[in-house]
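Reading the structure
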Amino acid sequence: MRRPSNPFAGMPREVAVLAAIAFAVAVGFGVVAPALPVFARDFGVGHTAAAAVISAFALMRFVSAPLAGRLVDRIGERTVMLAGIFFVAASSAVAGLAQSYLQLLLLRAVGGVGSAMFTVSAVSLLLRVVDADRRGRANGLFQAGFLIGGLMGPVAGGLLTELSPRLPFFVYGATLAVAGTIGALALARTTLHERLGRQDDEANRTSLREALRHRAYQAALVSNFGTGWALFGVRSSLIPLFVVEGLKVGAIWTGVGFLAGSVAQALSLVSAGKVADQAGRRPAMILGGSVAFAAMVVVTVSSTLPTYLLAMGLFGVGAAFLGVAPGAVIGDIMRGRGGQVVAVFQMSSDLGAIAGPLVAGVLVDNLSFGSAFGATAAILVFGPLLALRMPETRYARQAEPVDDPSGPDEPTLGGRARPEESGGGQT
């Protein structure tokens with residue numbers, strides 16, 4: 001029998017390291033998730049205040065992303081990423097010792113700042129350690145680390161919370177500390193790929209203003225906003241209510257639907273990366289956005305259990321493509337450190353995750369579940385529409401890689417530029 005192929009074969013070792021760190025971060029976050037509201041309620045606060053602990057983390061992650069981007073541009077990806085990991089680790093461990101609701105709230109808010117530092121810097125580093133031929137697959141493997149870790153974490157978190165709602169915070173802090181230490185050692189040397197072979201000084205980096213004028217960047221932002229709105233916002237906040245109140249079935253079907261979507265997404269990530277690398281970012285974004293749009297249309301027009309499960313599976317496939325291709329676009333158009341470019345890209349998803357549940361909740365309260373899902377479908381359709389008019393960035397010219405013994409914080413550039421192929425121009 002043929003042995004299963006190694007998905008990391010041919011990839012720089014940094015991709016496996018970053019995927020492992022993403023897995024550890026996701027496991028830890030999932031471990032804490034079941035404990036957060038329970039721990040907050042132990043201080044005698046209401047349900048709204050308990051939910052605010054979760055919102056504080058997301059809000060601070062959103063507002064601190066521009067600062068994280070500027071830090072990446074100034075001191076480098078690896079330094080900011082490791083600082084962010086240990087920032088979250090320390091704040092989480094101390095949160096487990098919180099003696100009041102206010103302390104818990106403030107410490108989770110501080111953790112959101114560290115999360116923004118980690119996410120922006122890790123994505124920026126990932127996009128620079130792989131060349132264009134493998135950027136989609138590398139992004140898929142990185143996303144798979146988050147996805148698999150996110151599936152495993154809540155199971156362990158539920159068991160730990162039964163013992164003590166404080167215990168998951170200590171486990172999360174320890175997990176991140178180990179991941180950060182491994183990352184510090186394994187990422188001491190990296191190989192960076194610099195577009196156009198220019199020196200990585202401030203004048204030659206891709207500015208945010210320059211990126212915003214690029215139609216591919218615009219399409220990536222809109223696609224990522226739709227992903228945040230639907231995947232991290234509406235799916236998490238509305239689907240559990242829809243299953244119980246709309247479908248009139250047991251809450252267990254919420255978990256079944258989420259599992260179907262997650263499995264479909266996990267199984268599609270590697271294929272999505274290959275499509276983005278071989279066929280191009282543009283067709284991958286069009287395909288992913290179209291499938292996600294179709295999933296929302298299905299659940300909008302039909303409120304039955306089979307169509308709900310079908311929609312969740314379809315959405316998982318669409319989410320895989322939308323989790324890979326837009327990120328690859330960012331790497332294609334970036335020169336040098338792209339902290340602010342990556343930060344705004346990440347903020348677009350966070351903004352969707354914040355706005356989606358609010359708008360969907362208003363629509364459900366005043367109209368119906370169908371109207372909320374229909375609005376989500378309308379948001380998702382803008383991504384593939386903009387992708388139709390964007391240039392293909394897969395063929396952007398890029399310099400040969402250079403091994404940098406000092407790490408990504410002080411890159412050494414050089415090598416000849418690759419011959420430019422058609423389709424890589426900017427608008």
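Residues numbered from 1 in each chain as written. Predicted model: local features only at pLDDT ≥ 70, side-chain atom pairs only at ≥ 80, totals over all residues. Heavy atoms only, no water.

1. Things to note about the side chain of His214
Tracing the chain through its elements places His214 in the loop between α9 (208-212) and α10 (215-246). Among the polar contacts listed, one links the side chain of His214 to the backbone nitrogen of Ala216, at a separation of 3.1 Å. (Helix = DSSP H or I, 4+ residues; strand = E, 2+ residues; numbered from the N terminus. Polar contact = N/O pair within 3.5 Å; in protein donor to acceptor, adjacent residues only side chain to side chain.)

2. Let's talk about the packing of aromatic side chains
For any pair of aromatic rings, the description rests on two quantities: the centre-to-centre distance and the angle between the ring planes. Summed over all chains, the structure comprises six aromatic pairs. Note on Phe39 and Phe43: the rings are 5.2 Å apart at their centroids and 45 degrees apart in plane angle, and the pair reads as tilted. Look at Phe39 and you get buried, because its relative accessible area is 2%. (Phe/Tyr/Trp six-rings, centres within 6.5 Å; stacked < 30°, edge-to-face > 60°. Buried < 20%, exposed > 50% of the residue type's maximum accessible area, 1.4 Å probe, protein only.)

3. What about helix α4 (residues 65-75)?
Of all the positions in α4, only Ala65, Ala68, Gly69, Val72 and Asp73 are classed as buried. Angularly, the buried residues of α4 cover 135 degrees about the axis, an arc narrow enough to put them on a single face. Positive backbone phi, approximately 105 degrees, marks Gly76, located one or two places after α4. (Arc of directions from axis to C-beta.)

4. A closer look at the confidence of the model for the chain
With 84% of its residues at a pLDDT of 70 or more, the chain has an overall mean of 77. Between residues 397-427, whose pLDDT stays under 50, and residues either more than four places distant or in other chains, the model counts 93 contacts. (pLDDT = per-residue confidence, 0-100. Contact = heavy atoms within 4.5 Å.)

5. Describing a nonpolar patch on the surface
Together, Phe23, Ile148, Leu151, Met152, Leu259, Val263 and Leu267 make up an exposed nonpolar region whose accessible area comes to about 630 Å². Contributions of two or more residues to the nonpolar patch are made by α7 (135-163) and α11 (252-278). Tracing the backbone through its elements, the reader meets Val263 in helix α11. (Patch = residues over 30% accessible without salt bridge, like charges linked within 9 Å, V, L, I, M, F, W, Y side chains within 5 Å. Areas by Shrake-Rupley, 256 points an atom, 1.4 Å probe, with all protein chains shown as cover. Salt bridge = Lys/Arg side-chain N within 4 Å of Asp/Glu carboxyl O.)

6. Side note on the packing of helix α12 (residues 281-301) against helix α13 (residues 305-333)
In the contact formed by α12 and α13, the axes pass within 7 Å of each other and the chain directions differ by 155 degrees. Classified by the angle between their axes, α12 and α13 sit roughly antiparallel to one another. The interaxial crossing formed by α12 with α13 has left-handed handedness. Across the contact of α12 with α13, the residue classes tally to 19 nonpolar, four polar and two charged. (Axes fitted to C-alpha atoms, helices over the stretch in contact; angles between N-to-C directions. Parallel < 35°, antiparallel > 145°, perpendicular 65-115°, else oblique. Left-handed = near helix turned anticlockwise from the far one by under 90°. Nonpolar A, V, L, I, M, F, W, Y, C, P; charged D, E, K, R; others polar.)

7. Here we look at the packing of α4 against helix α5 (residues 77-95)
Where α4 meets α5, the closest approach of the two axes is 7 Å, and the angle between their N-to-C directions is 135 degrees. Classified by the interaxial angle, the pair formed by α4 and α5 is oblique. Where α4 approaches α5, its residues Ala68, Leu71, Val72 and Ile75 are matched on the opposing element by Glu77, Thr79 and Val80. Of the residues in the contact of α4 with α5, the class split is five nonpolar, one polar and one charged.

8. Some points on the side chain of Glu392
Summarising the element assignment, Glu392 is placed in the loop between α15 (369-388) and β2 (402-404). For Glu392, which is buried and forms no salt bridge, the nearest opposite charge comes from Arg281, at a distance of 4.8 Å. Here Arg281 takes part through its backbone nitrogen, which lies 3.0 Å from a polar atom of the side chain of Glu392. For Glu392, the side chain forms a polar contact with the main-chain nitrogen of Arg282, separated by 3.0 Å. (Lys, Arg positive; Asp, Glu negative; His and termini not counted.)

9. Observations regarding the nonpolar core
Counting residues in hydrophobic clusters, the biggest one holds 76 residues, and the most contacted among them are Val15, Met81, Leu104, Phe169, Tyr217 and Ile330. In terms of residue count, helix α6 (residues 101-129) provides more of this core than any other element does, twelve residues in total. Ignoring any residue separated from it by four or fewer positions in sequence, one finds Val15 in contact with Phe8, Leu126, Val129, Val130, Ala138 and Leu141. Core analysis: the second largest hydrophobic core is formed by 28 residues, Ala230, Ala311, Phe373 and Ala377 among them. (Core = buried A, V, L, I, M, F, W, Y, C linked by side-chain atoms within 4.5 Å.)

10. What about the environment of Ile239?
Along the chain, the position of Ile239 falls in helix α10. Between the C-alpha atoms of Ile239 and Tyr308, which are 69 residues apart in sequence, the distance is 9.5 Å. When residues no more than four places from it in sequence are discounted, the contact partners of Ile239 are Val234, Thr254, Phe258, Tyr308, Met312 and Phe373.

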